[in-house]
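An overview of the molecular structure
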Amino acid sequence: MASLSKESGRYYRIHWKFNVTAGPKTGQTFEGSVYLGRCTRAAAKVRLREIEDWEEAVKTGRHLPDGDWEEIYRLWLREKHLSCTPQSVERAERVVSIYRRWREKRGLPCKRIDQFACRQDLITWRDHRLDHEAGRKTVANDLATLSSWFEWCVQERYLTENPVLRSTRPRFVTKKEGTPLTRKQAGQWLWAIKARTGIIGRGPRSWDEVRRKRRIAVFLLNTGVRNGELCALNIEDLRIDIEEQLLYVMGKGQKQRWVPLNRAAIAAVRLSLRCRGNPARGPLFVTPANQRYNVRQLASEFADMGRCASVPLDTNPHNLRHTFATWLARSSSNVSLVQKILGHEDVNTTLRYYVHTCDYELAGATTNLKGRRELREREAKRAEVSFRVIPFPQRKVGG
């Protein structure tokens, strides 16, 4: 039973300890406490009644929903739509659909949420995915998605615990980030993109398409926006006047920021709009079919550009973002400015993943290191020069 205890002053704490008599956790003991802090006794009693109601529901299994697990799933998706990007919601729907179809194929019960969140079934599904369907990183991300749903169920008291937390997630090797381009390499790569010759071949079909793709590459190199952010940009997001030259970007997690535009980025935008007749609305960059880009289409276009170019470099859109961050950090020496333009919450993310040190920069890093004896001799010579008496030249006055 839950009990209310008073500590020093008006500070209260609630303890509880009870045994579960119904549901999948029958026979288990739940014990815990919550510190209420400084409050009135009436407020503490209100909180005590809430915990007693929850305790009675857990004891008898009434905290588990009577309806289908899909009702809880819809409630979770409704809240996820408010706080997450459409890509995250789409991924959650796909993962839950894969897990549901696997359970139906195996003939496992899929009525209640406690049946759907069985830890042993999740372990079997994880092993099946690793053996037949997906890689280690994909399975780890799928388990993380299910874990966020089950954690929400625990907070809403639909479940007593998160079953994913007690199951092992597969480890995977983090993909090494690409090496950022130098300014010379970026120029060589842009000019190495050629139009396709003949029927068989990869790359742009005409020189107009070559110039269009070059403009997109120049824009990415001078703004550092993400692949998905570029696809979502609209003409209305531009603010170009005498005083300000900014771009309004909606980033990951519905975070908003302003990105400054330099001359190269503004020229790329103006040329792109001029070729389309200077429209007032619509997407900022479009495909040859005058449609908005999607993430996969833009990535595949850059892959074709890299194959058809004579310079073998890593030129995917995200590597151009790394290149922009490295260039900006070297030119400004202000990491907080780079962090704000890239849209990172933590400056360590900018330093760890986006600001790179190239191999050619290591060449002369240790040339200035001298031995202790050589440094002492140099300091002694400097002291002699500084304290040496310089005689004044004597000059005879008169004849």
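Cut-off values and rules
- Residues numbered from 1 in each chain as written.
- Predicted model: local features only at pLDDT ≥ 70, side-chain atom pairs only at ≥ 80, totals over all residues.
- Heavy atoms only, no water.
- Pairing = 2+ DSSP bridges.
- Helix = DSSP H or I, 4+ residues; strand = E, 2+ residues; numbered from the N terminus.
- Axes fitted to C-alpha atoms, helices over the stretch in contact; angles between N-to-C directions.
- Contact = heavy atoms within 4.5 Å.
- Phe/Tyr/Trp six-rings, centres within 6.5 Å; stacked < 30°, edge-to-face > 60°.
- Buried < 20%, exposed > 50% of the residue type's maximum accessible area, 1.4 Å probe, protein only.
- Lys NZ or Arg CZ within 6 Å of the ring centre and 35° of its normal.
- Core = buried A, V, L, I, M, F, W, Y, C linked by side-chain atoms within 4.5 Å.
- Patch = residues over 30% accessible without salt bridge, like charges linked within 9 Å, V, L, I, M, F, W, Y side chains within 5 Å.
- Areas by Shrake-Rupley, 256 points an atom, 1.4 Å probe, with all protein chains shown as cover.
- Salt bridge = Lys/Arg side-chain N within 4 Å of Asp/Glu carboxyl O.
- Lys, Arg positive; Asp, Glu negative; His and termini not counted.
- Charge placed at Lys NZ, Arg CZ, Asp CG, Glu CD.
- 1 Å grid on protein atoms, 1.4 Å probe; cavity = no way out; pocket = protein on both sides within 12 Å on 5 of 7 lines; lining within 4 Å.
- Points joined across faces, edges and corners; volume = space filled by probe spheres on them.
- Nonpolar A, V, L, I, M, F, W, Y, C, P; charged D, E, K, R; others polar.
- Polar contact = N/O pair within 3.5 Å; in protein donor to acceptor, adjacent residues only side chain to side chain.
- Parallel < 35°, antiparallel > 145°, perpendicular 65-115°, else oblique.
- Expected span 1.5 Å × (residues − 1).

A separate point is the sheet that holds strand 3 (residues 29-38). In space, the three strands of this open sheet follow the order 1-2-3, with antiparallel pairing throughout. The open sheet terminates on both sides in strands that have one partner only, identified here as strand 1 (3-6) and strand 3. In this sheet, neighbouring strand axes are inclined to one another by 20° on average, regardless of whether the strands run parallel or antiparallel. As paired elements, strand 2 (residues 11-19) and strand 3 share nine bridges and run antiparallel to each other. In the strand pairing of strand 3, Phe 18 is matched with Phe 30. Across the sheet, helix 1 (residues 41-60) lies against strand 1, strand 2 and strand 3, angled at about 15° from strand 2, the strand it touches most.

Inspection of the sheet shows strand 4 (residues 238-240) paired to strand 5 (residues 245-250) by three bridges, in the antiparallel sense. In the sheet register, Ile 240 faces strand 5, and the bridge partner there is Gln 245. One ladder, built from five bridges, connects strand 5 with strand 6 (residues 256-260); its direction is antiparallel. For Met 250, the partnering residue across the bridge sits in strand 6 and is Gln 256.

Enumeration according to the criterion identifies 11 aromatic pairs in this entry. For the ring pair Tyr 99 and Trp 102, a centre distance of 6.2 Å and an interplane angle of 15° mean the geometry is stacked. Taken as a pair, Tyr 99 and Trp 102 lie in helix 3 (residues 86-106) at a separation of three residues, close to a single helical turn. Since its relative accessible area comes to 7%, Trp 102 is described here as buried. Three or more aromatic residues link up through ring pairs in this structure, and these residues are Tyr 73, Trp 76, Tyr 99, Trp 102, Phe 116, Trp 125, Trp 149 and Phe 150. The ring of Trp 327 has Arg 183 sitting right over it, with the charged end atom 4.4 Å from the ring centre.

Once that is clear, we can look at the sheet that holds strand 4. Read across the sheet, three strands follow the order 4-5-6 without closing on themselves; strand pairing throughout is antiparallel. Among the strands making up the open sheet, the edge pair consists of strand 4 and strand 6. Pairwise comparison of adjacent strand axes, ignoring direction, gives a mean angle of 20° for this sheet.

Time to look at the nonpolar core. Grouped together as the largest cluster of nonpolar side chains are 42 residues, with contacts concentrated most on Ile 216, Phe 219, Leu 230, Leu 247, Leu 284, Phe 285 and Phe 302. Broken down by secondary-structure element, the contributors of at least two residues to this core are helix 7 (183-192), helix 8 (207-223), helix 9 (227-232), strand 5, helix 10 (263-275), helix 11 (295-308), helix 12 (317-332) and helix 13 (335-342). Discounting residues that sit within four places of it in the chain, Ile 216 has contacts with Leu 230, Phe 285, Tyr 293, Leu 298 and Phe 302.

It is worth spelling out a positive patch on the surface at this point. On the surface, Lys 6, Arg 10, Arg 38, Arg 41, Lys 45 and Arg 49 cluster together into a patch of positive charge. Broken down by element, the positive patch gets its largest block of residues, three residues, from helix 1.

Now for empty space enclosed by the protein. Evaluated as defined, the whole model comprises one cavity of 30 Å³ or more. In this structure, the largest cavity spans a volume of roughly 30 Å³. In terms of lining residues, the largest cavity is bounded by Ile 216, Leu 230, Cys 231, Phe 285, Tyr 293 and Leu 298. Taken together, the residues that form the lining of the largest cavity break down as six nonpolar, no polar and no charged.

Along the chain, His 344 falls in the loop between helix 13 and helix 14 (347-354). Polar contacts involving the side chain of His 344 include one to the side chain of Arg 321, which spans 3.3 Å. Looking at His 344, its side chain comes within polar contact range of the side chain of Thr 350, at 2.8 Å. Contact partners of His 344, with chain neighbours within four places excluded, come to Arg 226, Arg 321, Gln 339, Thr 349, Thr 350 and Tyr 354.

Bringing the side chain of Arg 215 into the picture now. On the secondary structure map, Arg 215 appears in helix 8. For the buried Arg 215, which has no salt bridge, the nearest side chain bearing the opposite charge is Asp 208, at an N-O separation of 7.3 Å. Those residues in contact with Arg 215 that sit more than four places away from it in its chain are Ala 268, Leu 271, Ser 272 and Cys 275.

Moving on: the packing of helix 3 against helix 5 (residues 119-133). Between helix 3 and helix 5, the least distance of the axes is 11 Å, while the angle of their chain directions is 100°. Classified by the interaxial angle, the pair formed by helix 3 and helix 5 is roughly perpendicular. Across the interface between the two elements, Val 95, Ile 98, Tyr 99, Trp 102, Arg 103 and Arg 106 from helix 3 touch Asp 121, Leu 122, Thr 124, Trp 125, His 128 and Arg 129 from helix 5. Across the contact of helix 3 with helix 5, the residue classes tally to six nonpolar, two polar and four charged.

Our next topic: helix 3. The first and last C-alpha atoms of helix 3 sit 31 Å apart over 21 residues, in line with the 30 Å expected at 1.5 Å per residue. Turning to helix 3, its buried residues number three or more, namely Val 89, Ala 92, Val 95, Val 96, Ile 98, Tyr 99, Trp 102 and Arg 103. Immediately downstream of helix 3, the backbone of Gly 107 shows phi near 75°, a positive value.

Let us look at the pattern of salt bridges. Overall, the coordinates contain 13 salt bridges when judged by the stated rule. One salt bridge connects Glu 229 with Arg 257, and the closest N-O pair in it is separated by 3.0 Å. With Glu 229 in helix 9 and Arg 257 in strand 6, this residue pair connects regions lying 28 residues apart in the sequence. Close ionic contact of Arg 281 with Glu 236 constitutes a salt bridge, the shortest N to O distance being 3.7 Å. One end of the pair, Arg 281, is in the loop between helix 10 and helix 11; the other, Glu 236, is in the loop between helix 9 and strand 4, with 45 residues separating them in the sequence. Residue classification places Arg 281 among the exposed positions, given a relative accessible area of 63%. One connected set of salt bridges, linked through shared partners, spans Arg 91, Arg 129, Glu 133 and Asp 142.

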